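Notes for the structure review
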Amino acid sequence: MKWEGQRESDNVEDRRSSSGSGAGGLPVGGRGLGIGGIVVALLVSWAFGINPMTVLGLMEGGGGGALPQAEQREQPAGEKPKDPAGRFAAVVLADTEDVWNTYFGRAQKQYEAPRLVLYTGQYPTACGTGDAAMGPFYCPGDRKVYLDLSFNDTLRQRLGAPGDFAQAYVIAHEVGHHIQNLLGTSARMEAARGRLSEREYKALSVKLELQADCLAGVWGHHSQRSKNWIERGDIEEGINAASQIGDDTLQRQAGRAVVPESFTHGSSAQRVAWFKRGMESGEMKACDTFKAASL
């Protein structure tokens, strides 16, 4: 991606100097799963979506409801990142702002951009304590995307998804969850939780995640049309990232049998298909996974 010299978002909080250092701890809530189950939960949470606490709750058969409000301490305004990885994240976020501001504006609606928090190790959020082991996640409670940039190494080395467009896809996917929050999709899903069985809720979670993949593709479509900054091979990086973080692939990596009934994000084929659908159409209406005859 030809990102140097592009606008950087002002909605980035670089908290890396004030973050905790306990990045190695496993999230609370994995009791009874065994280390294999925890590994699956972390891999699934690394797949750019729901909070891993929710994944652990679903795997244990619990409701996996929203985490209690974290104690929020007053924070001074975060500095703008100065390192290349931080600046790249700020550029990508800025471009999601440009794309979605324009898209919402055409529908006579106002887009409220999320904030991106860069942290190291651990950091308090409205959804509980963010931990580097969780990977990137979106917290609807404070409308912020949380990202420990060491995840880029995990993406490249552990998940087999190198490249800057793969990293951009991570951010675009989380912004997709923000859009779902703005449109009330996340709230409707949460409201349905008590009426659904564990299996039914997991199926709903798959639809939510695949829709976020599609929205990331919609961003990519309009981003390229406006900036022409996606280079040869970049799209393939995004497709590869979507493939590498499918539930079936992650379960195999964890040494487990593939169990479609346990999926919370969708198979590799599904994630690729919905990302490509958004990328090719550039339309949010193409991303209605909840009404799709098949995924």
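Quick summary incoming for the structure in this document. Small disclaimer: the values here were computed from a predicted structure and weren't measured.

**What to know about the sheet that holds strand S1 (residues 12-14)**
Spatial ordering of the open sheet is given by S1-S2-S6-S5, a layout of 4 strands whose pairing is mixed. The open sheet has two edge strands, S1 and strand S5 (137-139), and neither has a second partner. Geometrically, the sheet is characterised by an average inter-axis angle of 25° between neighbouring strands, direction not taken into account. Summarising the sheet, S5 and strand S6 (residues 144-147) pair through 3 bridges and their orientation is antiparallel. Within the sheet, the bridge partner assigned to Tyr138 lies in S6 and is Val145. Running over the sheet, helix H3 (residues 84-106) touches S1 and strand S2 (115-118) and is turned about 170° from S2.

**A closer look at the packing of H3 against helix H5 (residues 164-182)**
For any two helices packed against each other, the geometry is given by the interaxial angle and the distance between the axes. With their axes 10 Å apart at the nearest point, H3 and H5 run at an angle of 45° to one another. Comparing their axes, H5 and H3 come out oblique. In the crossing of H3 with H5, the sense of the turn from one axis to the other is right-handed. Each of Phe88, Ala89, Val92, Leu93, Thr96, Trp100 and Phe104 in H3 lies in contact with H5, whose residues at this interface are Asp164, Gln167, Ala168, Ile171, Val175 and Ile179. Broken down by class, the residue content of the contact of H3 with H5 amounts to 10 nonpolar, 2 polar and 1 charged.

**Observations regarding the nonpolar core**
Within the largest apolar cluster, 52 residues are counted, with the highest numbers of intra-cluster contacts made by Trp100, Leu116 and Trp219. Looking at this core, the elements with two or more residues in it are H3, S2, S6, helix H4 (151-157), H5, helix H7 (198-227), helix H8 (234-244) and helix H10 (268-281). The element that contributes the greatest number of residues to this core is H3, accounting for 10 residues. Ignoring any residue separated from it by four or fewer positions in sequence, one finds Trp219 in contact with Val92, Asp95, Thr96, Val99, Trp100, Phe165, Ala168, Ala172 and Trp229. Listed in part, the 9 residues of the second largest apolar core include Ala126, Met134, Phe137 and Cys139.

**Focus: the packing of H5 against H7**
One can describe the packing of H5 onto H7 by two numbers: an axis separation of 8 Å at closest approach and a directional angle of 120°. Helix-helix and strand crossings are classified by hand; for H5 and H7 the assignment is right-handed. Residues Phe165, Ala168, Tyr169, Ala172, His173, Gly176, His177, Ile179 and Gln180 of H5 form the contact with H7, whose participating residues are Leu208, Glu209, Gln211, Ala212, Asp213, Leu215, Ala216 and Trp219.

Here is what the cut-offs are and how they apply
- Residues numbered from 1 in each chain as written.
- Predicted model: local features only at pLDDT ≥ 70, side-chain atom pairs only at ≥ 80, totals over all residues.
- Heavy atoms only, no water.
- Pairing = 2+ DSSP bridges.
- Helix = DSSP H or I, 4+ residues; strand = E, 2+ residues; numbered from the N terminus.
- Axes fitted to C-alpha atoms, helices over the stretch in contact; angles between N-to-C directions.
- Contact = heavy atoms within 4.5 Å.
- Parallel < 35°, antiparallel > 145°, perpendicular 65-115°, else oblique.
- Left-handed = near helix turned anticlockwise from the far one by under 90°.
- Nonpolar A, V, L, I, M, F, W, Y, C, P; charged D, E, K, R; others polar.
- Core = buried A, V, L, I, M, F, W, Y, C linked by side-chain atoms within 4.5 Å.
- Buried < 20%, exposed > 50% of the residue type's maximum accessible area, 1.4 Å probe, protein only.

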